[in-house]
Number of protein chains: 2
Amino acid sequence: MPVLQAEQLRTLGESIFVALGAPEVEARLVSDLLVEANLTGFDSHGVIRLPIYARGIKMGAVKPGSEIRVVEETPSTAVIDGGWNFGQVVARFAMDKCIEKAMNSVVGLVTVHNSQHVGRLNAYAEMALEHDMIGVMSVNSASYVAPFGGKSRQLGTNPLCFAVPAGEEPPMVLDMATSVWARGKIMVYLARGEELPEGVFMDPEGNPTIDPSWYTGGGVLRTLGGIAGYKGYGLSLLVEVLTGVLSGAGCSNSDEYRSRPFYGGNGIFMMAIDVGRLTDIGEFRGRVDNLFRRVRGSPVAPGFDEILIPGDPERRMRERRLREGIFVEERTWGEIVTLAEELGVDVPVGL
Amino acid sequence: MPVLQAEQLRTLGESIFVALGAPEVEARLVSDLLVEANLTGFDSHGVIRLPIYARGIKMGAVKPGSEIRVVEETPSTAVIDGGWNFGQVVARFAMDKCIEKAMNSVVGLVTVHNSQHVGRLNAYAEMALEHDMIGVMSVNSASYVAPFGGKSRQLGTNPLCFAVPAGEEPPMVLDMATSVWARGKIMVYLARGEELPEGVFMDPEGNPTIDPSWYTGGGVLRTLGGIAGYKGYGLSLLVEVLTGVLSGAGCSNSDEYRSRPFYGGNGIFMMAIDVGRLTDIGEFRGRVDNLFRRVRGSPVAPGFDEILIPGDPERRMRERRLREGIFVEERTWGEIVTLAEELGVDVPVGL
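Notes on the structure in this doc start here. Along every chain, residues carry numbers that run from 1 in the direction the sequence is written. Chains and ligands are labelled by the order in which they are written, letters from A for the one and numbers from 1 for the other. Reporting of local features is limited, given that this is a predicted model, to residues whose pLDDT is at least 70; pairs of side-chain atoms are given and counted only at 80 or more, and all residues count toward the totals for whole chains, interfaces and linings. Hydrogens and water are ignored here; the side-chain numbers use all heavy atoms of the structure.

A word on the overall build of chain A
- Scanning chain A for helices and strands turns up 11 helices and 12 strands.
- With the radius of gyration taken over C-alpha atoms, the globule rule is written as 2.2 Å times the number of residues to the power 0.38. For 351 residues, the compact-globule estimate of 2.2 N^0.38 gives 20 Å, and chain A sits close to it at 20 Å.
- Over its C-alpha atoms, taken along the principal directions, chain A stretches across nearly 55 × 45 × 45 Å.
- Remark: exposure states derive from per-residue accessible area (1.4 Å probe, protein chains only) relative to the maximum for the residue type, with buried under 20%, exposed over 50%, and partly exposed in between. Residue burial in chain A is summarised as follows: out of 351 residues, 61% are buried.
- Of the contacts formed within chain A by residues at least 6 apart in sequence, a portion of 65% connects residues at least 24 apart.
- For the purpose of charge, His is not counted, nor are the chain termini; Lys and Arg are scored as positive and Asp and Glu as negative. All charge positions are set by atom: Lys at NZ, Arg at CZ, Asp at CG, Glu at CD. The averaged location of the 44 negative side-chain charges in chain A is 3 Å from the averaged location of its 33 positive side-chain charges. Labels follow the DSSP assignment, with helices taken as runs of H or I lasting at least four residues and strands as runs of E lasting at least two, numbered in each case from the N terminus. In this description, contact between two residues means that some pair of their heavy atoms is separated by no more than 4.5 Å.

Some remarks on the nonpolar core
- Formed by 100 residues in total, the largest nonpolar core has its most connected members in A:I134, A:L237, A:F284, A:F292, B:I134, B:L237 and B:F284.
- Broken down by element, the residue count for this core peaks at 9 residues, all from helix α7 (residues 229-246) of chain B.
- Leave out the neighbours within four places in its chain, and A:F284 touches A:I134, A:V164, A:P165, A:V275, A:T279, B:V241, B:V245 and B:L246.
- Counting residues in each nonpolar core, the second largest holds 62 residues, with B:L29, B:I99, B:C161 and B:A272 among its members. Think of a nonpolar core as a cluster: buried Ala, Val, Leu, Ile, Met, Phe, Trp, Tyr and Cys residues, connected wherever their side-chain atoms sit within 4.5 Å.

Examining unusual backbone geometry
- The backbone of A:N114 sits at a positive phi, close to 60 degrees, despite the residue not being glycine.
- Along the chain, the position of A:N114 falls in the loop between β4 (107-113) and α5 (122-125).
- Phi at B:V106 is positive, roughly 70 degrees, even though this residue is not glycine.
- You can see B:V106 is positioned in the loop between α4 (87-105) and β4 (107-113).
- Among the residues examined, B:V106 registers a relative accessible area of 1% and is labelled buried.

Focus: the side chain of A:S143
Residue and element names in this part refer to chain A.
- Along the chain, S143 turns up in the loop between β5 (133-139) and β6 (160-164).
- What makes S143 buried here is its relative accessible area of 9%.
- Here a polar contact means two N or O atoms within 3.5 Å. Within protein one must be a hydrogen donor candidate and the other an acceptor candidate, and residues neighboring in sequence count only if both atoms are side-chain atoms. A polar side-chain atom of S143 sits 2.9 Å from a polar atom in the side chain of R258.
- Apart from the residues lying within four places of it in its own chain, the contact partners of S143 are R153, Q154, L155, G156, S252 and R258.

Re α7(B)
Residues and elements named next belong to chain B.
- Here the expected length of a helix is defined as 1.5 Å per residue gap, with one fewer gap than residues. Along its 18 residues, α7 runs 24 Å from first to last C-alpha, staying within 8% of the 26 Å computed at 1.5 Å per residue.
- Counting buried positions along α7 gives 17 out of 18 residues, so the element sits mostly inside the fold.
- Immediately downstream of α7, the backbone of G248 shows phi near 80 degrees, a positive value.

Focus on the sheet that holds strand β10 (residues 220-221) of chain B
All names here are of chain B.
- Two strands pair if DSSP finds at least two bridges between them. A sheet is described by the order of its strands in space; here 3 strands give the open sequence β9-β8-β10, paired in antiparallel fashion. The strands lining the two open edges of the sheet, one partner per strand, are β9 (208-209) and β10.
- For strand β8 (residues 201-202) and β10, the ladder comprises 2 bridges, and the chain directions are antiparallel. Among the inter-strand pairings, F201 is bridged to a residue of β10, identified as L221.

Thoughts on the environment of B:A6
All names here are of chain B.
- With respect to the helices and strands, the residue A6 is situated in helix α1 (residues 6-19).
- A6 gets classed as buried once you look at its relative accessible area, which sits at 4%.
- Sequence-wise, A6 and E324 are 318 residues apart; in three dimensions their C-alpha atoms are separated by 9.6 Å.
- What A6 contacts, discounting residues up to four positions off in sequence, is V35, L39, L322 and I326.

Section: the interface of chain A and chain B
- Each partner contributes residues to the interface: chain A has 82 residues there, and chain B has 82 residues.
- Put simply, buried area is how much 1.4 Å-probe accessible surface two parts lose in total, over both of them, once they are put together. In total, about 6,500 Å² of surface goes out of reach between chain A and chain B, with carbon and sulfur atoms giving 71% of it.
- For the chain A face of the interface with chain B, the top three residues by lost area are A:K231, A:L278 and A:R287, together amounting to 11%.
- One side-chain nitrogen of Lys or Arg within 4 Å of one carboxyl oxygen of Asp or Glu is enough to make a salt bridge. Where chain A touches chain B, the interface holds 4 salt bridges.
- Taken together, chain A and chain B are joined by 19 residue pairs in polar contact (both at pLDDT 80 or more).
- Breaking the side of chain A that touches chain B down by element, the ones donating at least two residues are β3 (77-81), β4, β6, β7 (172-176), α7 (229-245), α8 (255-258), β11 (268-274) and α9 (281-296) of chain A.
- Considering each element in turn, the side of chain A that touches chain B owes the most residues, 12 residues, to α7(A).
- In terms of residue class, the side of chain A that touches chain B is built from 50 nonpolar, 20 polar and 12 charged. Gly falls in the polar group here, along with every residue not listed as nonpolar (Ala, Val, Leu, Ile, Met, Phe, Trp, Tyr, Cys, Pro) or charged (Asp, Glu, Lys, Arg).

Remarks on the packing of aromatic side chains
Residue and element names in this part refer to chain A.
- Only rings of Phe, Tyr and Trp enter the pairing, Trp through its six-membered ring, and a pair is recorded when the two centres are within 6.5 Å. The plane angle decides the type: under 30 degrees is stacked, over 60 is edge-to-face, the rest tilted. Considering all chains together, one arrives at 16 aromatic pairs over all chains under this definition.
- Of the aromatic side chains, those joined through ring pairs into one cluster are F17, Y53 and F86.
- Its guanidinium or amino end placed over the ring of F42, R120 lies 3.9 Å from that ring's centre, counting from NZ or CZ. Only lysine NZ and arginine CZ atoms are considered, and such an atom sits over a ring when it is within 6 Å of the ring centre and within 35 degrees of the ring normal.

A look at the packing of helix α3 (residues 50-58) of chain B against helix α11 (residues 330-343) of chain B
All names here are of chain B.
- For helices, the fitted axis covers only the stretch in contact; all axes are lines through C-alpha atoms, and the angles between them, taken along N-to-C directions, range from 0 to 180 degrees. For the pair α3 and α11, the least separation of the axes is 9 Å and the interaxial angle reads 40 degrees. Looking at the two axes, α3 sits oblique to α11. Two secondary-structure elements touch here, α3 through L50, P51, A54 and K58 and α11 through E335, I336, L339 and E342.
- Taken together, the residues that form the contact of α3 with α11 break down as 5 nonpolar, no polar and 3 charged. Orientation categories follow fixed angle ranges, with anything under 35 degrees roughly parallel, anything over 145 roughly antiparallel, 65 to 115 roughly perpendicular, and all other angles oblique.

As for the state of the cysteines
All names here are of chain A.
- Cysteine sulfur atoms are paired as a disulfide whenever they come within 2.5 Å of each other. Under the defined criterion, the tally for this structure stands at 0 disulfides over all chains.
- You can see C98 has no disulfide; the closest cysteine sulfur is in C161, sitting 13 Å from it.
- Assessed through its relative accessible area of 0%, C98 is described here as buried.

Description of the relation of the copies chain A and chain B
- The copies were overlaid with a least-squares fit restricted to C-alpha atoms from residues scoring a pLDDT of at least 70 in each copy. Overlaying chain A with chain B gives an RMSD of 0.0 Å, the required rotation being 180 degrees about an axis along which the chain moves by 0.0 Å. Given the turn and translation reported, the copies of this chain are related as if by a two-fold rotation axis. Of the C-alpha atoms belonging to chain A, the one lying closest to the rotation axis is found on A:G225, 2.0 Å away.
- Taken as a fraction of all interface residues of chain A, those also at the interface in chain B reach 100%, which identifies the copy contact as same-surface.

This is how it looks when you write it as structure tokens:
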């Protein structure tokens, strides 16, 4: 059961991607962001993806070094063709462009097609924070989620992410699937042989199930909301419109999307809003701090210890894993080691 | 048990507001939108508000005819002071401005402070549809919702609304509270003496309850999401930031908001996105139609008859109530009749 330091994994990932032909700067960025996902506790978006990305590169579906083009632009918007480069490289480029547009026009809006998997969205939405902007990002992805009232896979887990700058308080970073849970969480329960809670999952006939083994048997995720699951469904449809239709990337349930050989990729929608040109930035910071402090300080319900602000759990996990290292499960580690050896890359020694 | 035709209620409402000193055009608009809420099935936002608005006007908190000012603007954005006019008048003005900004800059973004209650958000987000734009609107309001893990009223029901143009399919109109349910639904259960479903409501000690009578005893709504209620909570906080902080209107849980004599009003955030300048509008329409048709046509889960697109239920209810009339409960009707008689306004005869 290897435990590795973040820096060990970063170097390993970078070396693997370079050995696969990626430019150094891209290799470093992608590896960094995978390890960041592990650090913040999202192992499903972490180094577990290294062998998957490697397979994508080998089959020519993921194209390191390929040109990212701005197909159309206005002072406030850009439409970007990611050239099927790493999603991380594409999304980073796109958010830089989006921030530039917001500097011009207070609001920047960017859509992207032909992007591979971007990983966790927070990494890009948070880029806006350094510029005192609110960052917004959403993607669609392979369909695993049923519409409300349905039982077949029509929608991606379709996350929405919002990053909001604060003053002395840490920023708020909300990064949420519009399904009850993201896919990765089902995988974790499956791996651990644990039963799911009610309300998360269905078998392919649309019957509620707590058995995670349906994951490999055509199981279907439900949309966020429980008895108000039509709301999560509505948000998920909205994400399809913004990231699949408006971007031209294709919807999760389209033939176009499903016929792609490797992974359908992420259609991307992003926005940046320059706070200081809509209100006094100092006042904004103070009011956000006030809001967060009042909410944090409000009375706690039975069964809870504290009230958190979105982003708190990830920040805490990151501090802990920077100290204690990152646990990589045997199977993933085995795949990574095999890949590294095949490419002649040095493998660090875990604890 | 009076049942009235929409046009009867429109005329009645208009006459009442005119008698209370509102300019005719404002009186007509506000009355129209209240009746639209009844038509679409949202009685909690319908003519039940007539006596409440009247009280607001009499105490000088709602200011018909007052000037709505653009305090700051750029080619893409505007900050608006609603002058405490009717929220409907303010929001209509603001969305017109937002659409104008989107015509300039592809994306328009408008915030509003000093607005009274705007009613249902769909009325404004849908204005974007006529211009082939996506409309976005959100407001905060008096706090009735606990943060995830909390038990006190810190957040408004904080709705989000999105209107998306389609081609031959009807547009999608998602208008959802970020609490499990909106307040009005609890009121209806209370009025009918029915038990609530699990997961919606808490008593003031934070214990889950199915007893709607806590509504008048300090009961607290829960945020959307059930076991993932931290997501609805995150969205609700985001709404506070956009509509309470960015707009300068004040957060639901702020002293400023709570100290207002009548009703805290609605802080407003809105956006319009001009689709045709980001992608081909014909292609967009076709892809949205495709998405909606595939989802609608996908297999139905046990216990369901069909899969709907957000906006369908309201459209159906509207057709039905245009035919069958609008039922107004005795108590509301009594209050309206008293008000009309006091103002010397003719009262129509219901069925």
